[in-house]
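The lines below spell out each chain.
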Amino acid sequence: MEILPWIFIGLLLVGQIGLFLRISRIAKKIDKALGGAKSKSIMKMLAHAMERYEVVEKDFKRIFEEDAKNKDLMRSMVQKVGVVRFNPFADMGGEQSFCIALMDGEDDGVLLTYLHSKDGGKSYIKKMKKGESEYALSEEEKKALKEANK
């Protein structure tokens, strides 16, 4: 009887045992990674994950739509404010007069100017469209606009 076939069979047997041990270790790692789940429950887990994905996808779509609406709404809200205090009359003390610029994201808004004097006060308002007014602006109003756009 020849010894060569027996050596070959022995090597094959050792190789089979090695493969079996390696596959067992991999199976244990997979089982541990899946939290002890078996193949049938893995399919349930995948189905549940797909359902959750669809819910999350719908939520993201709704959030992005709401975000777009909010951005449109925010463009029309007051976003820029500029305040300048000044003294328009040399004989008056303190800076009791002021100009306030209230602008939205499109540079639409108003300029409110109040002039304080010994005899009382006067207020003026100018409508702004795209940063422009149909009325001439005073230096203080221009400063208020500049302050609002910082």
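Residues numbered from 1 in each chain as written. Predicted model: local features only at pLDDT ≥ 70, side-chain atom pairs only at ≥ 80, totals over all residues. Heavy atoms only, no water.

This prediction gives the protein chain a mean pLDDT of 86; 94% of its residues lie at or above 70. Taking the mean pLDDT of every element in the protein chain, the minimum, 83, falls on helix H1 (residues 4-33) and the maximum, 95, on strand E2 (residues 97-103). (pLDDT = per-residue confidence, 0-100. Helix = DSSP H or I, 4+ residues; strand = E, 2+ residues; numbered from the N terminus.)

The subject of this paragraph is the sheet that holds E2. An order of E1-E2-E3-E4 is seen for the four strands of this open sheet, with the pairing classed as antiparallel. Edge positions in the open sheet fall to strand E1 (80-86) and strand E4 (120-128), since each of these has one partner strand only. Strand-to-strand twist of the sheet, defined as the mean angle between neighbouring strand axes without regard to direction, takes the value 10 degrees. Strand direction decides the pairing type here: E2 and strand E3 (residues 109-117), joined by six bridges, are antiparallel. Residue pairing in the sheet places Ile100 in a bridge with Leu112 of E3. Across the sheet, helix H3 (residues 139-148) lies against E1, E2, E3 and E4, angled at about 145 degrees from E1, the strand it touches most. (Pairing = 2+ DSSP bridges. Axes fitted to C-alpha atoms, helices over the stretch in contact; angles between N-to-C directions. Contact = heavy atoms within 4.5 Å.)

With that out of the way, let us pick up the nonpolar core. In terms of nonpolar packing, the biggest core is built from ten residues, these being Val84, Phe86, Cys99, Ala101, Met103, Leu111, Met128, Ala144, Leu145 and Ala148. Leave out the neighbours within four places in its chain, and Cys99 touches Gly82, Val83, Val84, Phe86, Leu111, Leu112, Thr113, Glu140, Glu141 and Ala144. (Core = buried A, V, L, I, M, F, W, Y, C linked by side-chain atoms within 4.5 Å. Buried < 20%, exposed > 50% of the residue type's maximum accessible area, 1.4 Å probe, protein only.)

Here the focus is the side chain of Lys126. Relative to the elements of secondary structure, Lys126 occurs in strand E4. Lys126 gets classed as buried once you look at its relative accessible area, which sits at 15%. A polar side-chain atom of Lys126 sits 2.6 Å from the main-chain carbonyl oxygen of Ala136. For Lys126, the side chain forms a polar contact with the side chain of Glu141, separated by 2.8 Å. (Polar contact = N/O pair within 3.5 Å; in protein donor to acceptor, adjacent residues only side chain to side chain.)

Attention now moves to H3. Every buried residue of H3 is listed here: Glu141, Ala144, Leu145 and Ala148. Buried residues of H3 fall within an arc of 100 degrees about the axis and therefore sit on the same side. In H3, the exposed positions that point more than 90 degrees away from the buried face belong to Glu139, Lys143 and Lys146. Residues of H3 that are buried sit in contact with E1, E2, E3 and E4. (Arc of directions from axis to C-beta.)

This part is about H1. In this model H1 runs 44 Å from its N-terminal to its C-terminal C-alpha over 30 residues, within 8% of the 44 Å that 1.5 Å per residue would give. Counting buried residues along H1, only zero of its 30 residues qualify, which leaves the element largely exposed. (Expected span 1.5 Å × (residues − 1).)

Bridge count between E3 and E4: nine bridges; the pairing is antiparallel. Following the sheet pairing, Leu112 is matched in E4 by Ile125. Between E3 and the antiparallel strand that follows it, E4, lie two residues.

What follows concerns unusual backbone geometry. A negative phi angle characterises most non-glycine residues, just as the trans form characterises most peptide bonds. Not every positive phi belongs to a glycine, and Asp107 is a case in point at roughly 60 degrees. Of note in the backbone geometry, Lys130 takes a positive phi value of approximately 55 degrees without being a glycine. Relative to the helices and strands, Lys130 is located in the loop between E4 and H3. With relative accessibility at 51%, the residue Lys130 sits in the exposed group.

Bringing the pattern of salt bridges into the picture now. Summed over the entire model, instances satisfying the criterion amount to ten salt bridges. The partner of Asp67 in a salt bridge is Lys71, and the shortest N-O contact between them spans 3.4 Å. Placement of both Asp67 and Lys71 in helix H2 (residues 39-75) is noted, with a separation of four residues, approximately one turn of the helix. For Asp67, a relative accessible area of 34% corresponds to the partly exposed category. On the basis of relative accessible area, Lys71 is assigned to the partly exposed category, the value being 47%. Residues Glu139 and Lys142 are paired through a salt bridge, measuring 3.7 Å at the closest nitrogen-oxygen approach. With Glu139 and Lys142 both in helix H3 and three residues apart, the pair spans about one turn of that helix. For Glu139, a relative accessible area of 52% gives the class exposed. Lys142 sits in the partly exposed class, given a relative accessible area of 43%. (Salt bridge = Lys/Arg side-chain N within 4 Å of Asp/Glu carboxyl O.)

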